[in-house]
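# Architecture and fold: a report
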Amino acid sequence: MITFTSIYFFIFLIIVFLGAYILDKRARILFYTLMSYFFYVSFYPYYIFLLFGISILNYYLSKKLAGDGLSSEIKRFFLVLSLVINIGTLVVFKYISFIILNINKLFSFLHVNLCYQTFDILFPLGISFYIFIVMGYMIDIYRRQSMPAENLLDFCFLVSFFPHLLAGPILKAKEFLPQIKYAKSYDKTNTLKGIELIMLGYFKKVIIADNCAGHVNNIYLNPHINGGIAIWAATFLFAVQIYCDFSGYTDIARGIAKILGFKFPINFKYPYLSDSIQEFWRRWHITLSFWIRDYLYFPLGGSRVTQSRYILNMIITWFICGLWHGANYNFILWGLYNGILIVIHHYMNLYKLNRFLTKLPNLKILITFILVMFGWMIFRCNNISDIPIFIRAMFFLQPDKILSGAGLMLIVNIPKFFWVILLLSSIIHIIMYKKQYDLDNILILEKIPYYGRLLIYFCFFSMIFFNINSQTFIYFKF
Amino acid sequence: MKTDNKLYIPRIKDNIFISDILIPCLLMSLVFISVNLLFYNKYLLMLLDRYRPEYRPRPLNVHIQKQILHLQYLTMESEIKNRVIFIGSSSVVNGIDVNIIKQILHKNNLDLYPINYGLTGLNAYELPLLKNYIITDKIKVIVYLYNTFSFSDNIYDQAVIDRYNTSEFINTVGLKYILKNLDQFSISMQCEIFPAMRYNQLILDYIRRFFTRQLKPYPNYDYDYPPNRPPPPIRRLHVKDIPILKGVDWLRDAYITSSTDKDTIGYRGLRRFIDMANAQGIKVIVAPIPEPDFADFDQYKYGININRIDEHVRNIVKADDSKIFYLDRDNIRYIESQDRYFSDGVHMFDTGREEYSKYIANRLIDIIK
């Protein structure tokens, strides 16, 4: 159970860093891979066979795909075989109960007495992420956009490298595999940048996201006893929570990779400061958005098709994007909601219906943020049947209940200190956006004298390891 | 490398791994281990226990950590032997006056020392988790006073990191639950090993009170509310006012599962606790703590079949014929029917506390004699 906010992870990380320092290049990759497997085993031992099995099978098929002398039909067969295996694995472990449940519902709706047993399968952590990495790799090889991994070890390392294993970012093999040869750990600038990213990630997770979680949970558990203000406030806090939780995880992952000499792609670029929903999806969970664009949306024809086909493509794309997040109707609905917003935005741009907003960029940002928040409500609600309750409250359709709810008191009771931190962080965030800082190039630690850095590390450690009210990373369950 | 005929020794600062990773990690580990070792010192615990914070106004986790620290101190403390401990939820914290019980026991020449081990929100599944504090050779009798929400099938999230024991948790709740809530349990395991993490909020509270000059000895009463100072008045509900909770609320769900399911983690915890006490030769008395009749109309307890809960508990206790005793709810109906004895749906006011303490002391004498 080496979770990112536990002391075991701290010990695990020291061992990995020590190994990276002592071992030579080739041994290091083997060491990282074995440690990554150990990391995964600590969650649920049996699923290591799944991870390893997927790696071996796809490595073998990728070699076949890349081989010369095979007809394109046979290559296509290997690609389809690989996709069927990968998607099939995902369906079995993630969606089977949901599918059976819906078949049962459908039959009961048709008055047919047929009831299939659902399975209570423990969800293999990170499966959606590593299956997507593997599928992207196979498709790239088929398209001849990438070469297969040189050996099985490199491929297993790509799939299982622990910083990205549980919640991404979704790596592209063609960008990551070449790094294996030239990775150089403990480059001074990269190490300090890595430490900086790790600290930033933990700050987002432990100080901001986890402090929002309790208040959000309390209100979302009983929406019917909470009024509009409480629900808007909880939804705002959830927007903060999910951003800090997920981008915090990504920062930690990118920081660790940087120290070890690898470069992970950026996953977030000031998403809440986007001026349209389309822009938002170019800046939120970038690696997933681009994956879906490259391997699903473009092959379907993208937007260079008839209008009806474009709408169908969007529906399929966003349905899959929603479903990727989990086997639940609210995720599907959330995906479709985003798809509809993007289609509307597309036509507004096409017919220049949003001209009046061009001179009001801040208003555009605000409208986008409100639309995104509304989407988060659909995403976060515990049950799809709760959505009408939320909508009634959020549109203030029950005037007598606007201010009601113990939840409102909870939000009022959030320590002022937390609001101050949130406000200051938001201001810094906006300034960085306005000044167009490249998140990868800001290096503050290098400018601080050594003993000052030591003091910062000490405060940081204390903050993490004496703050134990930690919540699970939201994206672990996807 | 040699420069100017002198041996060049690379400075620590030149090696980023040593300067910015290894040294900070070693330093922090040293500080971390030292701080944790301090919590195994009896005299420090005595000092911290003496200055533990009062109930209000504090976050709930400070309160829960303070109670566990108190139990840890009582376990280390060696002077008080022959203990009769009263364990249960905050209903026990506020519903047992050990001074009244002590007087009655001593009048009857019983050399027993009653101590209130009540813990906020204690569920029955937590009893085995507390074995290091409650199954010891200093304890002769354990009186477990249960609420009608105590046998829930859910974990009490607020206390899981403070009241935790890995092996007992696996035995009572099961490994599958842990696997589904990994983050929570990896943190709970840390807290089990490292007391400085277990008491993190409490430590912050001591620091805050020290710097604001509010650090003062704990008052000489055990209750959450000072005697003769009533807690905020309760808002009496009528049936038509009750917004029925759907069962997603922790407490509502606890009432429901306690009354509907027979094999909850709560009932399993009680069984396991009885076995453990039996193996140690400790007498156990299981009894309901009084809950007011008017609570039947609050949003948490509305529509719950209390008799079924009592029956489940009675069956568990009677399945074991050795040193386990069950006190029936019928004997405390006279307390439950009096609204004036209660401050809310689960807590007794000082009048109720006095009445119930007399009752339980007399029953204790009957059983022990």
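Treat the numbers as computed from the prediction; the structure is a model and nothing was measured. (Residues numbered from 1 in each chain as written. Chains lettered and ligands numbered in written order. Predicted model: local features only at pLDDT ≥ 70, side-chain atom pairs only at ≥ 80, totals over all residues. Heavy atoms only, no water.)

## Examining the overall build of chain A
Threshold: Helix numbering and strand numbering both begin at the N terminus, where a helix is a DSSP run of H or I of at least 4 residues and a strand a DSSP run of E of at least 2. Atoms considered for the radius of gyration are the C-alpha atoms alone. The globule rule reads 2.2 Å times the number of residues to the power 0.38. Burial status follows relative accessibility: with a 1.4 Å probe on protein chains alone, a residue under 20% of its type maximum counts as buried, one over 50% as exposed, and anything between as partly exposed. Throughout, a residue-residue contact means that at least one pair of heavy atoms, one from each residue, lies within 4.5 Å. Computed with the Shrake-Rupley method and a 1.4 Å probe, the accessible areas treat only the protein chains shown as cover for residues. Asp and Glu are treated as the negative residues and Lys and Arg as the positive ones, with His and the ends of the chain left uncounted. Think of each charge as sitting on NZ of Lys, CZ of Arg, CG of Asp or CD of Glu.
Scanning chain A from N- to C-terminus turns up 19 helices and zero strands. Relative to the 2.2 N^0.38 estimate, which gives 23 Å for 478 residues, the radius of gyration of chain A is 23 Å and therefore close to what a compact globule would have. Scored against the burial criterion, the 478 residues of chain A give a buried share of 54%. Considering only contacts in chain A between residues 6 or more positions apart, those separated by 24 or more positions represent 77%. Of the accessible surface of chain A, which amounts to about 21500 Å², a share of 69% is contributed by carbon and sulfur atoms. One finds the centroid of the 41 positive side-chain charges in chain A at a distance of 5 Å from the centroid of its 21 negative side-chain charges.

## Description of the nonpolar core
Put simply, the rule is: Think of a nonpolar core as a cluster: buried Ala, Val, Leu, Ile, Met, Phe, Trp, Tyr and Cys residues, connected wherever their side-chain atoms sit within 4.5 Å.
If you look at the biggest cluster of nonpolar residues, it comprises 174 residues, and the most contacted ones within it are Phe262 and Trp376 of chain A. For this core, the element with the highest residue contribution is helix α10 (residues 228–259) of chain A, accounting for 17 residues. Listed in part, the 51 residues of the second largest apolar core include Ile135, Tyr199, Ala254 and Tyr267 of chain B.

## Digging into the layout of surface pockets
Residue and element names in this part refer to chain A. Selection rule: A 1.4 Å probe that fits but cannot get out identifies a cavity on a 1 Å grid over protein atoms alone, an open set with protein on both sides within 12 Å along at least five of seven lines counts as a pocket, and a residue lines either if it has an atom within 4 Å of a point. Grid points are joined across faces, edges and corners, and a volume is the space filled by probe spheres set on the points.
Within this model, the second largest pocket holds a volume of roughly 1600 Å³. Taken together, 49 residues make up the lining of the second largest pocket; nearest its centre are Leu200, Lys204, Ser425, Ile428 and His429. In terms of residue count, helix α18 (residues 416–434) provides more of the lining of the second largest pocket than any other element does, 13 residues in total.

## Comments concerning the side chain of Asn165 of chain B
Residue and element names in this part refer to chain B. Basically, it comes down to this: Polar contacts here mean pairs of N or O atoms no more than 3.5 Å apart (in protein, one a potential hydrogen donor and the other a potential acceptor; neighbouring residues in sequence count only if both atoms are side-chain atoms).
One can find Asn165 in the loop between β5 (139–146) and α7 (166–172). Side-chain polar atoms of Asn165 contact the side chain of Ser167, separated by 3.1 Å. Engagement of the side chain of Asn165 in a polar contact is seen with the backbone nitrogen of Glu168, the distance being 3.2 Å. In this structure Asn165 touches Leu129, Lys131, Asn132 and Glu192, once residues within four positions along its chain are discounted.

## Quick look at the sheet that holds strand β6 (residues 283–288) of chain B
All names here are of chain B. To keep things clear, this is the line we draw: What makes two strands pair is DSSP finding at least two bridges between them. Lines fitted to C-alpha atoms define the axes, with helix axes restricted to the stretch in contact, and inter-axis angles between N-to-C directions lie between 0 and 180 degrees.
Taken in spatial order, the five strands of this open sheet run β4-β3-β5-β6-β7, and their pairing is parallel. Two strands bound the open sheet, and with one partner strand each, they are β4 (113–116) and β7 (324–326). Between one strand axis and the next, the sheet turns by 20° as a mean value, whatever way the strands run. The pairing of strand β3 (residues 83–88) with β5 spans six bridges and is parallel. In the sheet register, Arg83 faces β5, and the bridge partner there is Ile139.

## Here's the deal with helix α12 (residues 250–260) of chain B
For α12 of chain B, the set of buried residues is Arg252, Asp253, Ala254, Tyr255, Thr257, Ser258 and Ser259 of chain B. Structurally, α12 of chain B contributes buried residues whose contacts are with α13 (265–280) and α14 (306–318) of chain B.

## Focus: the side chain of Lys138 of chain B
All names here are of chain B. We apply this condition: Think of a salt bridge as a Lys or Arg side-chain nitrogen and an Asp or Glu carboxyl oxygen that are within 4 Å of each other.
You can see Lys138 is positioned in the loop between α6 (131–134) and β5. One buried charged side chain, Lys138, makes no salt bridge at all; its nearest oppositely charged neighbour is Asp137, positioned 5.7 Å away. When sequence neighbours within four positions are dropped, the list of residues in contact with Lys138 reads Leu74, Thr75, Met76, Glu77, Ser78, Ile80, Lys81, Asn82 and Arg83.

## Focus: the pairing of β6 of chain B
Residue and element names in this part refer to chain B. Across the six residues that make up β6, a large majority, five, are buried. Looking at chain direction, β5 and β6 are connected through six bridges and run parallel. Counterpart to Leu145 in the pairing with β6 is Ala287. The pairing of β6 with β7 spans three bridges and is parallel. Note that in β7 the partner of Val286 across the bridge is Tyr326.

## Observations regarding the packing of helix α2 (residues 42–50) of chain B against helix α3 (residues 60–76) of chain B
All names here are of chain B. We apply this condition: Note on terminology: angles under 35 degrees are roughly parallel, angles over 145 are roughly antiparallel, angles of 65 to 115 are roughly perpendicular, and the others are oblique. Here is the rule for handedness: rotate from the far helix to the near one, and if that takes an anticlockwise turn smaller than a right angle the crossing is left-handed, while a clockwise turn gives right-handed. Three residue categories are used. Nonpolar comprises Ala, Val, Leu, Ile, Met, Phe, Trp, Tyr, Cys and Pro, charged comprises Asp, Glu, Lys and Arg, and polar comprises the others, including Gly.
Axis separation between α2 and α3 bottoms out at 9 Å; the angle between their running directions is 135°. Classified by the interaxial angle, the pair formed by α2 and α3 is oblique. Viewed along their axes, α2 and α3 form a crossing whose handedness is left-handed. Residue-level contacts link Lys42, Leu45, Met46, Leu48 and Asp49 of α2 to Leu69, His70, Gln72, Tyr73 and Met76 of α3. Of the residues in the contact of α2 with α3, the class split is six nonpolar, two polar and two charged.

## Observations concerning helix α4 (residues 72–109) of chain A
Residues and elements named next belong to chain A. What counts here: Expected span, for any helix, means 1.5 Å times one less than how many residues it has. For a residue, the bend is simply the angle between two axes, fitted respectively to the seven-residue segment ending there and the seven-residue segment starting there.
For α4, built from 38 residues, the straight-helix expectation of 56 Å at 1.5 Å per residue is missed by more than 12%, its first-to-last C-alpha distance being only 45 Å. Maximum bend of α4: about 75°, positioned at Tyr95. Among the residues of α4, those classed as buried are Lys75, Phe78, Leu79, Ser82, Asn86, Thr89, Leu90, Lys94, Tyr95, Phe98, Ile100 and Asn104. Summarising the contacts, the buried residues of α4 are in contact with α3 (47–66), α5 (127–142), α13 (307–324) and α14 (329–350). Backbone geometry just downstream of α4 places His111 in the positive-phi region, at approximately 60°.

## Focus on the packing of α13 of chain A against α14 of chain A
Residues and elements named next belong to chain A. The N-to-C vectors of α13 and α14 enclose an angle of 145°; their axes lie 7 Å apart at closest approach. Considering how the two elements wind past one another, α13 and α14 form a crossing that is right-handed. Contact with α13, carried on its side by Gln307, Tyr310, Ile311, Met314, Ile315, Trp318, Phe319, Gly322 and Leu323, involves Phe331, Ile332, Trp334, Gly335, Leu336, Asn338, Gly339, Ile342, Val343, His346, Tyr347 and Leu350 of α14 and no other residues of that element. Looking at side-chain class alone, the contact of α13 with α14 contains 15 nonpolar, six polar and no charged residues.

## Focus on the environment of Thr89 of chain A
Residue and element names in this part refer to chain A. For Thr89, the location among the structural elements is in helix α4. On the basis of relative accessible area, Thr89 is assigned to the buried category, the value being 12%. Each C-alpha atom, one on Thr89 and one on Ala66, is 23 Å from the other, the two residues being 23 residues apart in sequence. Not counting chain neighbours up to four residues away, the residues in contact with Thr89 comprise Leu50, Ile54, Ile127 and Ile131. Among the polar contacts made by the side chain of Thr89, one reaches the main-chain carbonyl oxygen of Ile85 at a distance of 2.6 Å.

## Some details on the pattern of salt bridges
Under the definition given, this model contains 28 salt bridges over all chains. Here Lys205 of chain A ties to Asp210 of chain A by a salt bridge, and the two come within 2.9 Å at their closest N and O atoms. The exposure class assigned to Lys205 of chain A is buried, which follows from its relative accessible area of 0%. For Asp210 of chain A, a relative accessible area of 9% translates into the label buried. The residue Asp20 of chain B makes a salt bridge to Arg453 of chain A at a minimum N-O spacing of 2.7 Å. You can see Asp20 of chain B sitting in helix α1 (residues 16–38) and its partner Arg453 of chain A sitting in helix α19 (residues 450–465), one on each of two chains. Since its relative accessible area comes to 6%, Arg453 of chain A is described here as buried. One salt-bridge network, held together by shared partners, links Asp310, Arg329, Asp330, Arg333 and Glu336 of chain B.

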